[in-house]
Amino acid sequence: KQMVEIGYFSLPVVGLTAIFTGMVLALQTYYGFRMFGGESLVGTTVALSMTRELGPVITALMVTARAGSSMAAELGRISRW
């Protein structure tokens, strides 16, 4: 049960973060490629960089942050100073 709460329920947060990160990356890449006439390569570049480099990093950060805050909240609820 705990693994489902940590992993599976983190998917919406990870997805939303990946979408917005991809949009910013596409915008910045477009402005860079526009100077050299490479606008048609923006989609491929963003897809490759998101799947190879940024995707795993963003997923790890979001799952770790969500799991850590969930566990800290649970400890705070149990201890009740």
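In the block above lies the structure referred to throughout.
Residues numbered from 1 in each chain as written. Predicted model: local features only at pLDDT ≥ 70, side-chain atom pairs only at ≥ 80, totals over all residues. Heavy atoms only, no water.

**Notes on the overall build of the protein chain**
The helix and strand tally for the protein chain stands at three helices and zero strands. Sequence-ordered secondary structure for the protein chain, helices as α and strands as β, is α-α-α. Here the C-alpha radius of gyration of the protein chain, 18 Å, is well above what a compact globule of 81 residues would show, namely 12 Å. Taking the principal axes of the C-alpha coordinates as reference, the protein chain spans close to 60 × 25 × 15 Å. (Helix = DSSP H or I, 4+ residues; strand = E, 2+ residues; numbered from the N terminus. Rg over C-alpha atoms; globule rule 2.2 N^0.38 Å.)

**Here's the deal with the side chain of serine 10**
Relative to the helices and strands, serine 10 resides in the loop between helix H1 (2-6) and helix H2 (11-34). Contact partners of serine 10, with chain neighbours within four places excluded, come to Glu5, Val63 and Arg66. (Contact = heavy atoms within 4.5 Å.)

**Here we look at the packing of aromatic side chains**
One pass over the full model with this rule turns up two aromatic pairs. Measuring from centroid to centroid gives 5.8 Å for tyrosine 8 and phenylalanine 9, while their planes differ by 55 degrees, and the two rings are tilted. (Phe/Tyr/Trp six-rings, centres within 6.5 Å; stacked < 30°, edge-to-face > 60°.)

**Some words on the environment of leucine 27**
Along the chain, the position of leucine 27 falls in helix H2. Looking at leucine 27, the relative accessible area reads 43%, which means it is partly exposed. Once the C-alpha coordinates of leucine 27 and valine 42 are considered, the two residues, 15 residues apart in sequence, prove to be 8.8 Å apart. (Buried < 20%, exposed > 50% of the residue type's maximum accessible area, 1.4 Å probe, protein only.)

**Topic: a nonpolar patch on the surface**
A surface patch of nonpolar side chains, about 420 Å² in accessible area, is lined by Val4, Tyr8, Phe9 and Leu11. Looking at the secondary structure, you find valine 4 in helix H1. You can call valine 4 partly exposed: its relative accessible area is 42%. (Patch = residues over 30% accessible without salt bridge, like charges linked within 9 Å, V, L, I, M, F, W, Y side chains within 5 Å. Areas by Shrake-Rupley, 256 points an atom, 1.4 Å probe, with all protein chains shown as cover. Salt bridge = Lys/Arg side-chain N within 4 Å of Asp/Glu carboxyl O.)

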